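# Remarks on the overall topology
The residues making up each chain are set out below.
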Amino acid sequence: MIELQHVCVDFSGAGSSATRAVDDVSLHIKAGEIFGIVGTSGAGKSTLLRTLNALQRPSTGSVTINGTRISDLQGVALRTARQRIGMIFQHFSLMHTRTVAQNVAFSLKAAGWERAKIAPRVAEILDLVGLTDKANRYPVQLSGGQKQRVGIARAIANHPDVLLCDEPTSALDLETSATILALLKEINARLGITIVLITHEMNVIKTICDRVAVMSGGKVVEMGEVFDIFAHPQHAFTRQLVSHTLNLTLPERLKAHLQGTLLKILFIGDSAEQPVLSEVAVKFGVAVNILHGKIEYIGDRALGVLVVQLTAPDSPTAVEAAVAHIRSRTAQVEALHG
Ligand SMILES: Nc1ncnc2c1ncn2[C@@H]1O[C@H](COP(=O)(O)OP(=O)(O)OP(=O)(O)O)[C@@H](O)[C@H]1O
Ligand SMILES: [Mg+2]
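Bear in mind the structure is a predicted one, so any value in this text is a computation, not a measurement.

## Details of the overall build of the protein
The helix and strand inventory of the protein stands at 12 helices and 14 strands. Taken along the three principal axes of its C-alpha coordinates, the protein extends 85 × 55 × 35 Å. Within the protein, the fraction of its 338 residues that count as buried is 49%. Within the protein, counting contacts between residues at least 6 apart in sequence, those at least 24 apart form 68% of the total. Counting only carbon and sulfur atoms, one obtains 51% of the accessible surface of the protein, whose full area is about 16200 Å². Seen as two clouds, the 33 positive and the 30 negative side-chain charges of the protein have centres 8 Å apart.

Here it is in structure tokens:
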């Protein structure tokens, strides 16, 4: 649906200095998916996103949406194409002198809606985002989460095919973020709008995206299904990004005083649901003590890590057999000591 081919964006600086903000990015985003782009500040995420509605022209390469090369369009053709693409922003970008309803109505007027159809559509869309009772308020009278709901209402009122989201939850607290992400997910599921979302937080990616591209220094360094990126990050930069999710470390002092064999076990998908640890306890007579652990669900697939201590004072070979069994049934096992 959205196809980027060898997109580069160069900004000329003072004198001979120039920045290549986007460096040879090729992507295919499928209709109906929630596609995330993650990276640290300055990675080129916003610049890349802006090429999708031609707010930014690529220096070289092309952007095609539904078969139209948006990167080549001008004038009326460009304005028409842009009406199929909504956008929301970190700081909402609402018009402060207009009410919530007027903010949403404005985008419909701009899209050439017939006057009589605007009010019913505004009412319908405010109902969808849960703001019916705030229709006549001004943005300054709203919380951050409510402002972003107005942003979303305005962006999707004209039935776009695509919704671009530039850090939509970065200005919100965790709880409000979660409700906005849930709303975006609902819009994607109910209306089938393709969502492209950029963020610097892996947690946002984990919560709603189907696939993700990881950006660093203007390049896409890794791309794939969100679960796979968390379970098997390849690039060093991606490993660092996901490390907060599954990185468990035991205090050194505790480690030094522990007896027996210490294992860090990674469970992926089905293995997280199998009772591997109770099996080894029963089968090999080994005592299993869980010291630290975490299981995350990404989509509906489990990804977990546990640090366990195995002991069998009367039978060292039982521990070895138990370790071998755990290795055969789980994704990755690392011996911490023992
Ligand atoms: N209009 C511009 N003129 C010159 N340089 C720019 C312009 N816009 C962005 N840049 C540069 O391009 C690079 C990428 O910027 P961009 O805003 O795309 O990054 P980002 O990943 O969105 O960062 P953040 O997470 O901070 O929003 C940066 O080095 C930035 O300074
Ligand atoms: Mg940005």
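There's more to say after this.
## Digging into the site of ligand 1
Around ligand 1 sit Phe 11, Thr 19, Ala 21, Thr 40, Ser 41, Gly 42, Ala 43, Gly 44, Lys 45, Ser 46, Thr 47 and Glu 167, and that is every residue in its neighbourhood. The side chain of Lys 45 places a nitrogen or oxygen atom 2.8 Å from an oxygen atom of ligand 1. Between Ser 46 and ligand 1, the recorded distance is 2.9 Å, taken from a side-chain N or O atom to an oxygen atom. In isolation ligand 1 exposes 630 Å². Once the protein is present, 56% of that is buried.

## Notes on the domain arrangement of the protein
When the domains of the protein are assigned, the result is domain 1 (2-244) and domain 2 (252-337). On a C-alpha basis, the centres of domain 1 and domain 2 stand 41 Å from each other. Tallying the contact residues gives 8 residues for domain 1 and 9 residues for domain 2. For the pair domain 1 and domain 2, the summed buried area comes to about 700 Å², and 69% of that belongs to carbon and sulfur atoms. If you sort the residues of domain 1 by the area they bury against domain 2, Lys 206, Phe 227 and Ala 231 come out on top, with a joint share of 74%. At the boundary of domain 1 and domain 2, one finds 1 salt bridge. We note a salt bridge from Glu 296 to Lys 206, for which the minimum N-O separation is 2.9 Å. Our count for the domain 1 to domain 2 interface comes out at 1 residue pair in polar contact (both at pLDDT 80 or more). Among the residues making up the side of domain 1 that touches domain 2, the classes are represented as 4 nonpolar, 2 polar and 2 charged.

## What about the sheet that holds strand β9 (residues 211-216)?
Pairing within the open sheet is mixed, and its 6 strands lie in the order β6-β7-β8-β3-β9-β10. The sheet terminates laterally at β6 (85-88) and β10 (219-225), the two strands that pair on one side only. The average undirected angle you get between the axes of adjacent strands in this sheet is 15°. In the sheet, strand β3 (residues 34-38) pairs with strand β8 (residues 194-199) via 5 bridges, with the strands oriented parallel. Bridge assignment links Ile 37 to a residue of β8, and that residue is Ile 198. Relative to β6, helix α5 (residues 144-156) is tilted by about 170°, and along the sheet it contacts β6 and β7 (162-166). Together, β3, β6, β7 and β8 form the strand contacts of helix α6 (residues 174-191), whose direction differs from that of β8 by roughly 155°.

Cut-offs applied
Residues numbered from 1 in each chain as written. Chains lettered and ligands numbered in written order. Predicted model: local features only at pLDDT ≥ 70, side-chain atom pairs only at ≥ 80, totals over all residues. Heavy atoms only, no water. Helix = DSSP H or I, 4+ residues; strand = E, 2+ residues; numbered from the N terminus. Buried < 20%, exposed > 50% of the residue type's maximum accessible area, 1.4 Å probe, protein only. Contact = heavy atoms within 4.5 Å. Areas by Shrake-Rupley, 256 points an atom, 1.4 Å probe, with all protein chains shown as cover. Lys, Arg positive; Asp, Glu negative; His and termini not counted. Charge placed at Lys NZ, Arg CZ, Asp CG, Glu CD. Near = heavy atom within 4 Å. Polar contact = N/O pair within 3.5 Å; in protein donor to acceptor, adjacent residues only side chain to side chain. Domains from an automatic or database assignment. Buried area = accessible area lost by both parts, 1.4 Å probe. Salt bridge = Lys/Arg side-chain N within 4 Å of Asp/Glu carboxyl O. Nonpolar A, V, L, I, M, F, W, Y, C, P; charged D, E, K, R; others polar. Pairing = 2+ DSSP bridges. Axes fitted to C-alpha atoms, helices over the stretch in contact; angles between N-to-C directions.

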